[in-house]
Structures are given as C-alpha cells and as structure tokens.
Amino acid sequence: MTGAYSVQPARSGRPALVRPDGSWAESRFHPEKDASRRVADAKLEPGDKVLLLGMGAGELPRAILGACGPDGRLVIAEPEGRAIDAVMASGHGEYLSDERVEVITSNVVVGVSGTTRAWKICRTAQEFYRALAALDSDLKCLAHPGLTPPPGYEALVSVIEDFEIRRRSSFRFADDFERNIQLNRESFAAALPVSRLRGILAGEDVIVAGGGPSLESISRAVGADANWIAVGTALLPLRARGIIPHLAVITDPQPSVGIQLSTLDPDDRPPVVVFPSTAHEVILAARRLIAAHPEAGWPGTGMPGRGANHENALPAGGTVATTAIGLAVLAGARRIYLAGVDLAEVPERTHTRGTASEQMMVETMGRFGTIEASLQRCRGEFIEAVSVTGTPIRTRRNLQLYARAIEGLATRHSSVEFLQLSPMALPLRGIPFVDVSNRNLSKISKFLLPEPT
C-alpha cells in the first residue's frame, strides 16, 4: 500500500484516521463512542498498565489514559509509522507527548519534540516483534479495530485475531470468571500445586486427549495402559472405552462444564488440573484438585498472569488442549501424542459438552449426535482446509488460531517430540502425523501423585 494516511473529522466532529485508499480505519460517525465502549468493556482501572496495538487518530489512547489516571501507563505499538505521521501532522497527537505514554513503531518522519526518549523506532518487523516480546507480562492488552499492518508485519494480523477471540470470550464469561475466582479461593489454596507434578512422567510417552471426532477410534487402538491426560470433553468418550485418564484438565468458566465430572462415578473421576476461574461446579465434583495459574491473564477479568516461568504456570488464552499439552511438558514427557485434538469440524462428532442426553446417545448410537445446527449458525466462519492425510476438511478461524497456539508451544519445547494421531486433523506445522496402529507406545509403569504439603 502506498500513499499517505490522513486524519479527517468524523460525523461527530471528532478526528478519525483514514487509510491511503480512502477507507476509514475507525468509526466515521462516532470514534469517541467506540473508544469509550472498548475501554468500558476492558474494565480498566486507575493505575493500570496497558498495551494498545494500533492507535487510530487518538480517541482510543485518550480514553485509555482517562481510565488509567495519573498513575497509569500506556504502551502504543503502532507498526504503521505513516499513521503516526498523519496524527502528529494533524495537530491531534498531543497524547503522544504525555509522560505516561511509550511508543513502539516503525520509522516515523515527523519529529516528536521532547518525547523521543520514550519511543522505540523499529527498522524491521523482527525488531518490532522483539520489542513486544520484551514488554512486561502484566500489561493489559487492547487492540484498535482498524489496525492495518504494513507489508512485512502480516503476522500481527494473527496476534490481533487471537486477541480479539480471547477478548470476546473473556467478556462473554466475565461474570463467571469473577464468581468462580471468589468461590474457588479456599479450595484452590488447599489444592496440590501443579509444580509438584514436574517430571512425574519423565521420559514417558503421553497421550493428550481432546474431545474431537478421532478420539473414539484412537482410544480403541491405544487402550487403557497408556499415559492419558484428557481435557474435560474427552472424559465421557474415554470412559465409554473403559479408559480413566490419569489426569484431566478443565479450565472452562461456565457452570455447565461441571456435568463432565458429575456424571461419572466418583471412583472414575481423575485428578483435575484447574485454574482459579474454572467453573465452581468442577471444583465441587472433582475427587482431587491440582492448582495451576494461566501463564498470561485474560483481558478484562482482573485475573493476573503469572508469566511463563512461574512454577505453577500453564498455557492459557487459547484452547484447553494447549493447557493439557503444557501439563504433559511440565510432567516431563519425551513424546506427546495428540488424540482428538482435531481442530476441524465434521458432520458428526464424538463430543460436545458431555451432557446426560449426549451420554445416552453414546450408549444408543455410539456417538454424540451431529453439529448441523452449529453449521447453520456459524457457516460464515468456516474455512476449507486439507487434513494431515490430504483429505478435504472444514475448520473455523478460531480453530486455526488454536492450531497456531499449539505450534508455538511445540516450538518452545523443541526437546519434546510432538506427534498427531488423527488422520482427519488440521495440519500443525512441525508436528507430523503417525498411524497409531504402527506405534508401540510405552506403557505406564508408575503414576503416583504426591501428597499436598
């Protein structure tokens, strides 16, 4: 894209950013109202530290600074230097010289009088991403809806899409988060910390079970003697095959997920790894709890991140399968096999929420029904793809983001071998597919959870 950005008055008279092609990068009617709504949704408080991806003509940064107050801090990461040029040239960039503001951007032409000490001018996309990675982990994150990365910064689109999905999820379940954190406080404090599981499966093969369509055939082929770590939606399908996983991971905040445990006999309920925000109904139903913290907080929930290096941290912010994979890494697995982590949609699946009616369908039909209604509701979100074996499949945009999260986890832990077992799974970069019938998985020899101290 060539040409210049400009700042034009919106219908309300407030400044709005216009792209070089003449399209509006933010509301052409009331950019200030959109900014206020986003800040209110994020539940910013005085003293908050915020990372803003993209800035527009300035209504969103102004709203953030107003909410965070004199003790707050704002880091603006704007890869398009021409947008900053336009804002400063328009005379509407006074907030850029605020002492609470830092800026990470590409090359900027217009000078910034007296404020360059707080700016990081990046010459390459790689330098820009490194600057983001170096920021404090306690920054809350907001994204400007009209951010348009310039050539070379395409990966930022994935960052924004991933953040937007997590942001919508966190706001959707914000009340559940707050309720669960309060109700779980005592039980969570008394639970075994997940750091006590470090190395418990050193050198072993571990199967991480998602609740996807492939789980039924894979579980039949593998059997009960392997080291199973399951997400909540895999519990009932596995139990139908006579398999009780050694550990389960349930991080969902909504109360309905409690059915995943409560429909199992108490003796069939594995120890459950939970976050502080996990549904309280899960905490009540669990036979034994293991407490973990998300390595990054959820925006707008007041739930802090602990950082990837915290002893009780596990991945969060994407899919619960990613958290289960992180648990297998912490436990010392030498190989991690993905079973039912398909990240694809098909006309029939082996799971949904594990409700009593679905359990009845498992017993009478051998599966959990169809997702035809979901297909009708979400048809616009579907993407045509090809499975690991070259078969056409369907996936969704959010599932592709979850795939990237798993790929990133595998990249960070290159000493562990990651393998896919489902022939219908979405391909994961660096994680090859293997036929489970040709694998001789190591059998479990000893799996004893330590006692709380």
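Definitions and cut-offs
Residues numbered from 1 in each chain as written. Predicted model: local features only at pLDDT ≥ 70, side-chain atom pairs only at ≥ 80, totals over all residues. Heavy atoms only, no water. Core = buried A, V, L, I, M, F, W, Y, C linked by side-chain atoms within 4.5 Å. Buried < 20%, exposed > 50% of the residue type's maximum accessible area, 1.4 Å probe, protein only. Helix = DSSP H or I, 4+ residues; strand = E, 2+ residues; numbered from the N terminus. Contact = heavy atoms within 4.5 Å. Polar contact = N/O pair within 3.5 Å; in protein donor to acceptor, adjacent residues only side chain to side chain. Axes fitted to C-alpha atoms, helices over the stretch in contact; angles between N-to-C directions. Parallel < 35°, antiparallel > 145°, perpendicular 65-115°, else oblique. Left-handed = near helix turned anticlockwise from the far one by under 90°. Nonpolar A, V, L, I, M, F, W, Y, C, P; charged D, E, K, R; others polar. Expected span 1.5 Å × (residues − 1). Salt bridge = Lys/Arg side-chain N within 4 Å of Asp/Glu carboxyl O. Phe/Tyr/Trp six-rings, centres within 6.5 Å; stacked < 30°, edge-to-face > 60°.

Trp-228, Leu-327 and Ile-336 are the most contacted members of the largest nonpolar core, which has 78 residues in total. Examining the composition of this core, we find that eight residues originate from one element, helix α12 (residues 320–330), more than from any other. Once residues lying within four places of it in the same chain are set aside, the contact partners of Ile-336 are Val-206, Val-208, Ile-325, Ala-328, Val-329, Val-416, Glu-417, Phe-418 and Leu-419.

For the rest of this paragraph, the subject is the side chain of Arg-62. In this fold, Arg-62 is placed in helix α2 (residues 59–68). A distance of 2.8 Å separates a polar atom in the side chain of Arg-62 from a polar atom in the side chain of Glu-94. With near-sequence residues (within four places) excluded, Arg-62 lies in contact with Arg-14, Pro-15, Ala-57, His-92, Glu-94 and Tyr-95.

Moving on, we get to the packing of helix α1 (residues 31–42) against α2. The interhelical angle for the contact between α1 and α2, taken along N-to-C directions, is 45°, at an axis separation of 8 Å. Between α1 and α2, the crossing angle belongs to the class labelled oblique. For the element pair α1 and α2, the recorded crossing hand is right-handed. Facing Pro-31, Glu-32, Ala-35, Arg-38 and Val-39 of α1, the residues of α2 in contact are Glu-59, Leu-60, Ala-63, Ile-64 and Ala-67. Across the contact of α1 with α2, the residue classes break down as seven nonpolar, no polar and three charged.

The phi dihedral of Lys-43 is positive, around 55°, even though this residue is not glycine. Among the structural elements, Lys-43 can be located in the loop between α1 and β3 (49–53). One non-glycine residue with positive phi stands out, namely Leu-343, at about 55°. Within the secondary structure, Leu-343 sits in the loop between β16 (335–339) and α13 (356–365). Take Leu-343: its relative accessible area is 11%, and that puts it in the buried class.

At their nearest, the axes of α12 and helix α15 (residues 397–412) sit 9 Å apart, and the two run at 15° to each other. When the interaxial angle is binned, α12 and α15 end up roughly parallel. Both α12 and α15 take part in a crossing whose hand is right-handed. Counted together, Thr-322, Ile-325 and Gly-326 of α12 and Ala-405, Ile-406 and Leu-409 of α15 form the full contact between these two elements. When grouped by side-chain class, the residues that make up the contact of α12 with α15 number four nonpolar, two polar and no charged.

Here the focus is α15. End to end, α15 covers 23 Å across 16 residues, agreeing with the expected 22 Å (1.5 Å per residue, within 8%). Inspection of α15 places Asn-398, Leu-399, Leu-401, Tyr-402, Ala-403, Ile-406, Glu-407, Leu-409 and Ala-410 among the buried residues, and these make up the whole buried set.

Turning next to the pattern of salt bridges. Per the counting criterion, the structure on display carries 21 salt bridges. Notably, a salt bridge pairs Glu-94 with Arg-62, separated by 2.8 Å at the nearest N-O pair. You can see Glu-94 sitting in the loop between α3 (81–90) and β5 (101–105) and its partner Arg-62 sitting in helix α2, a full 32 residues away along the chain. Here Arg-62 falls in the buried class, since its relative accessible area comes to 19%. A salt bridge links Asp-268 to Arg-239; the shortest N-O distance between them is 2.8 Å. One end of the pair, Asp-268, is in the loop between α10 (259–262) and β12 (272–274); the other, Arg-239, is in helix α9 (residues 235–240), and 29 residues separate them in sequence. By relative accessible area, which is 13% here, Asp-268 ends up buried. Where salt bridges share partners, they join Arg-14, Glu-59, Arg-62 and Glu-94 into one cluster.

What follows is about the packing of aromatic side chains. Taken as a whole, this structure holds three aromatic pairs when the rule is applied. Ring centres 6.4 Å apart and planes at 50° place the aromatic pair Tyr-129 and Tyr-153 in the tilted group. One end of the pair, Tyr-129, is in helix α4 (residues 125–133); the other, Tyr-153, is in the loop between β7 (140–143) and α5 (155–172), and 24 residues separate them in sequence. Put simply, the rings of Phe-128, Tyr-129 and Tyr-153 touch in pairs and so form one group of aromatic residues.

Turning to the environment of Gly-242, a few remarks are in order. If you trace the backbone, Gly-242 turns up in the loop between α9 and β11 (247–249). A sequence separation of 22 residues divides Gly-242 from Arg-220, and the C-alpha atoms of the two residues are 9.3 Å apart.

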